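Given next are the chains, with one letter for each unit.
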Amino acid sequence: MPLVFAGACSHAPGITGRADRADPKARDEFYAAFERMRVAMMDAGTEALVVVGAEHFANFFMNNMPAYCVGMGDYYEGPIEDPEWLGIQPVRAPGNPDLSRRVIKSLLGDIDVAYAEEWKFDHGIIVPLNFLTPDYDLDIIPVNINCQGPPLTPLHRAYEFGRALRRACDAQPEKIAVVGTGGISHWPATPDSGKIDEAWDRDFLDKFLANRRDDLVAYTDEETLRDGGQGGFEIRTFVAVAGATEGATGELWYYEPIPIFAVGCTVAVMDVKQPMAKAAE
Amino acid sequence: MSLYYLQKVMFELNRDAHVRQRYDTDFDDLLSDYDLTGEEVGALTEPDIGLLYVLGVNGQLLMHYAALAGLEWEEYKQAMRDGIEKHGPVRAGLYAMVGDKNYV
């Protein structure tokens, strides 16, 4: 089945863990945008959700760091963080190893992905799932792009990964959604936590929503670190979604810097119904 | 300087219940498994969150170690600032690439 849904959203531990310290109006509007995304995703008939995340040393460390890894587990548990600190109680999300295996096999034709049958979710994936599948009853296929420990995969490869992921999903009989989750400019877990460059974020989002591939992959890591912070490396998750929706454009359903959440809070949806002109080449 | 092992202690502490148990019962014995300098062992055992930041520990690991030590979020951020004031700029890792002061 052709991909039924694609979008991108923020993750950050503060979104759930420091919710009571945010401006209530902004927080509630952000949460409502997440809910709108959940409803749209499920209304599209989604049977499995591929979450393209950027985890933070929960499973992968510098002893053996994959540029790309896809989950192939029966189930996934989380959060790895203290539940009280994160504001999310321990849960088990269902996997779909058979579907994962088929997607991975297809991906390996184009991208040398790693796979993992065991995977513990950190806030990078479980915060979005907390909103997008709050009952944890939707099959999840987690994907990680290393955005934390340089050397990092180049952005043009993240775009190519997205294209390959699209081909892999379209080839399956299941109705699949792809949601990328990352920050744009942010300096998480540092003394600058809470700093957000809204102009930099909006410029990036313009390129993402118009799916301007050449502009999206033109950022160098040096520029991103200087202008968008080390958290800006997570734009790879957005770039992968752009690759998965090549030729299509999107809509911004929510963007607002919420400093106590330490990120420009974003919910964006790509129109997967649009013709995939370039992808068909 | 063995930033790799300094961070690996925290990585394994975050995800492995047995490592966490050893942290609770015999932290010195746990730390003997890692190739750490005396300064690093001291920073972990005190714990000196500011020094750990200056030594280059990634905040995505350090924030959990700070929470384990009982620091509230703003205390954690202040500890990093205090560490830079006391110990100087970040010496290694990602944050050493962004200039002398390491924060605005």
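What you see is a predicted model; the values in this text were computed from it and never measured.

### Topic: the overall build of chain A
Piece 1. Summing up its helical and strand segments, chain A has ten helices and ten strands in all.
Piece 2. Over its C-alpha trace chain A gives a radius of gyration of 17 Å, about what one expects of a compact globule, namely 19 Å for 281 residues.
Piece 3. In terms of overall dimensions, chain A has C-alpha extents of about 45 × 40 × 40 Å along its principal axes.
Piece 4. In chain A, which comprises 281 residues, the proportion classed as buried is 63%.
Piece 5. A separation threshold of at least 6 residues defines the contact pool for chain A, and within that pool the share at least 24 residues apart is 80%.
Piece 6. With an accessible surface of roughly 10100 Å², chain A has 48% of that area assigned to carbon and sulfur atoms.
Piece 7. Considering chain A, the positive charge centre built from 25 side chains and the negative charge centre built from 43 side chains are found 3 Å apart.

### Let's talk about helix 6 (residues 155–170) of chain A
Piece 1. Helix length check: helix 6 of chain A, at 16 residues, gives a terminal C-alpha distance of 23 Å against a target of 22 Å (1.5 Å per residue), a fit within 8%.
Piece 2. For helix 6 of chain A, the complete set of buried residues consists of A:Leu155, A:Ala158, A:Tyr159, A:Phe161, A:Gly162, A:Arg163, A:Ala164, A:Leu165, A:Arg166, A:Ala168 and A:Cys169.

### Remarks on the interface of chain B and chain A
Piece 1. Contact with chain B, which involves 28 residues of that partner, is made by 30 residues of chain A.
Piece 2. Both faces combined, the contact of chain B with chain A buries some 2600 Å², and carbon together with sulfur accounts for 64% of it.
Piece 3. Contact with chain A buries surface across chain B, with B:Arg15, B:Gln60 and B:Trp73 losing the most and accounting together for 27% of the total.
Piece 4. Linking chain B with chain A are two salt bridges.
Piece 5. Seen at the junction of chain B and chain A, the total is seven residue pairs in polar contact (both at pLDDT 80 or more).
Piece 6. Elements with a contribution of two residues or more to the side of chain B that touches chain A: helix 1 (3–15), helix 6 (59–68) and helix 7 (73–87) of chain B.

### A closer look at the pairing of strand 1 (residues 5–9) of chain A
Residues and elements named next belong to chain A.
Piece 1. Judged by how many residues are buried, strand 1 sits mostly within the fold: five of five residues are covered.
Piece 2. The two faces of strand 1 match: Phe-5, Gly-7 and Cys-9 on one face and Ala-6 and Ala-8 on the other face are all buried.
Piece 3. Where strand 1 lies against strand 8 (residues 176–181), five bridges are found, and the strand directions are parallel. Residue pairing in the sheet places Ala-6 in a bridge with Val-178 of strand 8.
Piece 4. Note that strand 1 and strand 10 (residues 263–270) share four bridges and pair antiparallel. Along strand 10, the bridge assignment pairs Ala-8 with Ala-268.

### Re the side chain of A:Asn96
All names here are of chain A.
Piece 1. Following the sequence through the fold, Asn-96 ends up in the loop between strand 5 (91–94) and helix 4 (97–107).
Piece 2. Relative accessible area serves as the criterion here: at 15%, Asn-96 is assigned to the buried category.
Piece 3. At 3.0 Å, the side chain of Asn-96 forms a polar contact with the backbone nitrogen of Leu-99.
Piece 4. A distance of 3.0 Å separates polar atoms of two side chains, one belonging to Asn-96 and the other to Asp-139.
Piece 5. The residues contacting Asn-96, other than those within four sequence positions of it, are Gly-73, Asp-139 and Ile-140.

### Side note on the nonpolar core
Piece 1. Counting residues in hydrophobic clusters, the biggest one holds 136 residues, and the most contacted among them are A:Phe161, A:Phe208, B:Leu44 and B:Leu52.
Piece 2. In terms of residue count, the dominant contributor to this core is helix 6 of chain A (eight residues).
Piece 3. When residues no more than four places from it in sequence are discounted, the contact partners of A:Phe208 are A:Ala8, A:Leu216, A:Phe238, A:Val241, A:Ala242, A:Ala268 and A:Met270.

### Looking at the packing of aromatic side chains
Piece 1. All chains considered together, the criterion is met by 20 aromatic pairs over all chains.
Piece 2. Plain terms: the ring middles of A:Phe208 and A:Phe238 are 5.3 Å apart, the flat faces sit at 80° to each other, and that makes the pair edge-to-face. Of this pair, A:Phe208 sits in helix 7 (residues 198–209) while A:Phe238 sits in helix 10 (residues 235–244); the two residues are 30 residues apart in sequence, bridging distant segments of the chain. Like A:Phe238, A:Phe208 is buried.
Piece 3. Ring geometry for B:Tyr23 and B:Tyr65: centres 6.3 Å apart, planes at 70°, overall edge-to-face. With B:Tyr23 in helix 2 (residues 17–25) and B:Tyr65 in helix 6, this residue pair connects regions lying 42 residues apart in the sequence.

Calculation notes
- Residues numbered from 1 in each chain as written.
- Chains lettered and ligands numbered in written order.
- Predicted model: local features only at pLDDT ≥ 70, side-chain atom pairs only at ≥ 80, totals over all residues.
- Heavy atoms only, no water.
- Helix = DSSP H or I, 4+ residues; strand = E, 2+ residues; numbered from the N terminus.
- Rg over C-alpha atoms; globule rule 2.2 N^0.38 Å.
- Buried < 20%, exposed > 50% of the residue type's maximum accessible area, 1.4 Å probe, protein only.
- Contact = heavy atoms within 4.5 Å.
- Areas by Shrake-Rupley, 256 points an atom, 1.4 Å probe, with all protein chains shown as cover.
- Lys, Arg positive; Asp, Glu negative; His and termini not counted.
- Charge placed at Lys NZ, Arg CZ, Asp CG, Glu CD.
- Expected span 1.5 Å × (residues − 1).
- Buried area = accessible area lost by both parts, 1.4 Å probe.
- Salt bridge = Lys/Arg side-chain N within 4 Å of Asp/Glu carboxyl O.
- Polar contact = N/O pair within 3.5 Å; in protein donor to acceptor, adjacent residues only side chain to side chain.
- Pairing = 2+ DSSP bridges.
- Core = buried A, V, L, I, M, F, W, Y, C linked by side-chain atoms within 4.5 Å.
- Phe/Tyr/Trp six-rings, centres within 6.5 Å; stacked < 30°, edge-to-face > 60°.

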